Every structure is written in structure tokens, then in C-alpha cells.
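# Working through the structure, step by step
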Amino acid sequence: MSAPNSSYDPVEVTPLRADEVERMRDEALSAIAAAHTLEELKQVRIDHAGDRSPMALANREIGALPPQARKEAGQRVGQARGAINHALAARTTEVESAEEEVALASETVDVTLPWDVEAVGARHPLTTIQEHVADIFVAMGWEVAEGPEVEAEWLNFDALNLGPDHPARTMQDTFWVTPESAAMVLRTHTSPVQARTMLTREPPIYVICPGRVYRTDELDATHSPVFHQVEGLAIDKGLSMAHLKGTLDHFAQAIYGDGMTTRFRPSYFPFTEPSAEMDLLCYVCHNEPDAVAECRTCKGEGWVEWGGCGVVNPRVLIACGVDPDVYSGFAFGIGLDRTITSRYDIADLRDLFDGDIRFTEPFGVEL
Ligand code: DAH
């Protein structure tokens, strides 16, 4: 910047001459008009409106003019700069909306185009039924309990009144974990979760335990070495067989609808006394006289087998640290695989375990 000089003639200061200011302005305006992208505009802004632009330099020269000359020169430069800034702003808006239009056009998605739908899978009916059963009981205030599939022999058998020499111990064909001295088995039923629960909680206890169990059965249309059960256990003061019946009837109605009921047949389980096999009213023919004879689901019985149950044997309570003089309870165990195959008329149990998506999809909920 030149030093103030009272004898200075603005007309002689080249950058401030009217024609020069006009030229710089026009040069800037045509550069602005020629910019087609925001990137180009950025450069134009630096070149023509930035701190080092000719116009900014001219502006600085004003200070060097004698006071009487500053006004006119200031106005001239100010107007030119105003015009440039105005043009820059207007062009920026134009370029922005043009770029937006291009982006919108290029990113348009034609939602009507066909595409390859990738099947991601479907919920397995065993998962669905386990969650459904848990929901029914949780709604009554019960809790879901779990236990390991590799289980201590003592919890799987002894705690449930199946001592080493108990004849019923051989009723369940057991997978032993090696070495045998480890006294571990693949649990043959979900009942050890009963023992685990009583050993770790104080009554009142209301738990439901769905899970996988193992027995040394050959895999065929009606047997599988891995299958699923759901166990229920209630321990409280004054519980009886009547509470068991009411609970199971409610359970049956929650799964199969109003009018469902269960029936008990006397049976034997070491962990319950008395014990019962429970049947479910056939959900197809409802044991109606004119339909039952022809019914394929219950094979004319009017009832389908559902599981075992009973009043918890006091010996089990004692083994698991519950005082039988204060508390009593009931328990039940249901096979889930058969519940599904009979409910949906699935002839071959192996369909449940093949993992074929074509089998699981019709059960509804897709993932
Ligand atoms: N654990 C038995 C089984 O696998 C089923 C069962 C029967 C469970 C009676 C129970 C029960 O809780 O009370 O065959």
C-alpha cells in the first residue's frame, strides 16, 4: 500500500481509475458466469473477491488517497465489489440447484424394477413354540429357568429320586460323557432344571424350562436322539394336584383355544407322587361323537398324549433342600417335537431337524 499523499491524484492511481475498476469488475463477472461447478466458483471467489484479488488490492489503495479523493474512489470500488459479491451469491444458488438436480436424477431408484429376493430365513417352529410357551407362563408370573445340556448325573437322576439302582434309571437311554468317572451325562430330560432351581432359590418357585434333551434313540420318522421338552415346576405352600390340573388346562387353552382341556391317567415317575400321564383333548375332532372315529390326529382316541406330571415327591424336595412339611408343589414335562408334529400333521419327525428353509417358511414369521 502506498503512503498517504495529499498531492496524490486518484486518476493517476491505476487500480482506482474508473475504467480499470470497471474492467476488473467485468472480468470478475464473466468469470462468475463461466463457473459451472461449486469447485470452480470457489476458485473464482478466491481470484476475484479474496484478500489478494485485484479488487481487494485496489480497495487498500483508497487509504493512500488524499481525503477529498477517498469518497469517490471508495464508492466506485465498493459498488464494484458489491456487484461481484451479489453475482457470486446468485451464481452459487444456481449452481447448487443445478448440481442437486443432477444428483437427484442420477440417484433415482426405480422401485418398480424386478430384483432377486434373497431369502434370509424363517423362524423354526420349535423356537416359536418355546417362546410361545414361555410367554403363556410369564403372563401368569412364572419365570424362565435354564440349565446345561451336559449335566451332572446326580442332578439328572439322583436328585430326582432315581438312585443308582432304581429300575427307572434304565428307562432313559443315556448318553454318558467320557470318562464315565466324571459322572456327567447329556441330560435325558429337562427335569434336572427343577433340582437346580430348588437348590438355588427359595420358594415360592414358579419356573418353566424349555430346552434340548438327548437319548440314545436311532433317528427315524418318529424318534430322534435330540429332542425338546418343556418342564414346569411350582413350589409353594399348599399346592396340590388341583392346581396342576388348573394350570395345565389354562396352558392347553392358551395354545389350542377355548374349550380345550386335559385329562390325567395314573402313571409312575420317580420324581412325582402321585404321577399322571396327561392327554390333551384332540384339537381336531374335540372327541365329538360324530367325528372322533374318523379322526386321523388322535386315531379315534379323542385324546392325544401330551406329557407327564404329578405332585413333586417329598424325597425330591428333601434332596433339593426344600422342607416338605412347609412346601409342596407340582411338576410337568411335555415333549415339544411331538406337539408340533401332531399339531401340524408332520409325518416325519426328521423334517424338524433337517434345516430346510422350505420346511420352516410355512410356519410364518420370517426373519
Ligand atoms: N421327565 C419326564 C420324561 O422325560 C417327563 C416328566 C414327567 C416331567 C413328570 C415331569 C413330571 O416334571 O412331573 O419323561
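Quick caveat, the model's predicted, so the values are computed rather than measured. Position labels on residues start from 1 in each chain and follow its written sequence. It should be noted that, the model being predicted, local features are given only for residues of pLDDT at least 70 and side-chain atom pairs only at 80 or more, the latter also being counted only at that level, while totals for whole chains, interfaces and linings use all residues. No hydrogens and no water enter the side-chain calculation; it runs on all heavy atoms of the structure.

### Things to note about the packing of helix 1 (residues 18-34) against helix 3 (residues 54-61)
The geometry of helix 1 relative to helix 3 is characterised by a closest axis approach of 10 Å and an angle of 150 degrees between their N-to-C directions. As summarised for this structure, helix 1 and helix 3 are arranged roughly antiparallel, according to the angle between their axes. In this structure, helix 1 crosses over helix 3, and the sense of that crossing is left-handed. On helix 3, the residues touching V21, M24 and R25 of helix 1 are P54, M55 and A58. Residue composition of the contact of helix 1 with helix 3, by class: five nonpolar, no polar and one charged. Here, axes are lines fitted to C-alpha atoms. For helices the fit covers the stretch in contact, and angles between N-to-C directions go from 0 to 180 degrees. Secondary structure follows DSSP: runs of H or I at least 4 residues long count as helices, runs of E at least 2 residues long count as strands, and numbering of each begins at the N terminus. In what follows, roughly perpendicular refers to angles from 65 to 115 degrees, roughly parallel to angles under 35, roughly antiparallel to angles over 145, and oblique to any angle outside these ranges. For any pair of crossing helices, the crossing counts as left-handed if the nearer helix is rotated counterclockwise from the farther one by less than a right angle, and right-handed if it is rotated clockwise. Any two residues whose heavy atoms approach within 4.5 Å are treated as being in contact. Nonpolar residues are Ala, Val, Leu, Ile, Met, Phe, Trp, Tyr, Cys and Pro. Charged residues are Asp, Glu, Lys and Arg, and all others, Gly as well, are polar.

### Observations concerning the site of the ligand
We call a residue near a molecule or strand as soon as one heavy atom of that residue lies within 4 Å of the molecule or strand. In the vicinity of the ligand, 15 residues are found, and the nearest of them are H189, S191, R215, Q229 and E231. Polar contact is defined as a pair of N or O atoms within 3.5 Å, subject to the rule that within protein one atom must be able to donate a hydrogen and the other to accept it, and that residues adjacent in sequence are counted only when both atoms are side-chain atoms. Note that an oxygen atom of the ligand is positioned 2.9 Å from one of the side-chain N or O atoms of Q229. Within the contact set of the ligand, an oxygen atom lies 3.2 Å away from a backbone nitrogen or oxygen of A331. Shrake-Rupley sampling with a 1.4 Å probe provides the accessible areas, and residues are treated as covered by the protein chains on show and by no other component. Protein chains shield 91% of the accessible area of the ligand, which is 360 Å² for the free molecule. Counting residues per element, the ones that place at least two in the shell around the ligand are strand 5 (226-236), strand 8 (303-312) and strand 9 (328-335). Of the residues contributing to the shell around the ligand, the split by class is five nonpolar, eight polar and two charged.

### A closer look at the domain arrangement of the protein chain
Here the protein chain is described as being made up of domain 1 (10-106) and domain 2 (125-363). Delimitation of the domains relies on an automatic or database domain assignment. Distance from the C-alpha centre of domain 1 to the C-alpha centre of domain 2: 86 Å.

### Quick look at the pattern of salt bridges
By definition, a salt bridge exists where a carboxyl oxygen of Asp or Glu is found within 4 Å of a side-chain nitrogen of Lys or Arg. As enumerated under the stated definition, the model contains 16 salt bridges in all. The partner of R91 in a salt bridge is E94, and the shortest N-O contact between them spans 2.5 Å. A residue pair is termed a helical-turn pair when its members lie 3 or 4 positions apart in one helix, as R91 and E94 do in helix 4 (residues 67-106) at three residues. For E151, the salt bridge goes to R196, with nearest N and O atoms at 2.8 Å. With a gap of 45 residues between them, E151 in strand 2 (residues 150-152) and R196 in helix 7 (residues 192-200) connect regions that are remote in the sequence. Overlapping salt bridges bring together E20, R23 and E27 as one network.

### Things to note about a negative patch on the surface
A contiguous patch of negative charge, built from E96, E99, E100 and E101, is present on the exposed surface. Residue placement: E101 occurs in helix 4. To sort residues, take the accessible area from a 1.4 Å probe on protein chains only and compare it with the maximum for the residue type: under 20% means buried, over 50% means exposed, and anything in between is partly exposed. Here E101 falls in the exposed class, since its relative accessible area comes to 60%. Exposure above 30% relative accessible area and the lack of any salt bridge qualify a residue for a patch; like charges then connect within 9 Å, and the nonpolar side chains Val, Leu, Ile, Met, Phe, Trp and Tyr within 5 Å. None of His or the chain ends enter the tally, which takes Lys and Arg as positive and Asp and Glu as negative. Just so you know, the charge point we use is NZ for Lys, CZ for Arg, CG for Asp and CD for Glu.

### Thoughts on helix 11 (residues 336-343)
The complete set of buried residues in helix 11 reads L336, D337, T339, I340 and T341. Contacts made by the buried residues of helix 11 are with helix 5 (125-138), strand 5, helix 8 (241-256), strand 8 and strand 9.

### Concerning the packing of helix 2 (residues 38-49) against helix 4
Direction vectors running N to C along helix 2 and helix 4 enclose 170 degrees, while the axes themselves pass 10 Å from each other. By the angle class used here, helix 2 and helix 4 are roughly antiparallel. Where helix 2 abuts helix 4, its residues L38, L41, V44, R45, H48 and A49 lie against I84, N85, L88, R91, T92, V95, E96 and E99. Here the residues of the contact of helix 2 with helix 4 sort into seven nonpolar, three polar and four charged.

### Side note on the pairing of strand 8
Counting buried positions along strand 8 gives nine out of 10 residues, so the element sits mostly inside the fold. Between any two strands, pairing holds if DSSP finds at least two bridges. Looking at chain direction, strand 7 (residues 272-281) and strand 8 are connected through eight bridges and run antiparallel. Paired with D279 across the two strands is E305, which belongs to strand 8. Summarising the sheet, strand 8 and strand 9 pair through five bridges and their orientation is antiparallel. Its bridge partner lying in strand 9, G307 is registered against I334.

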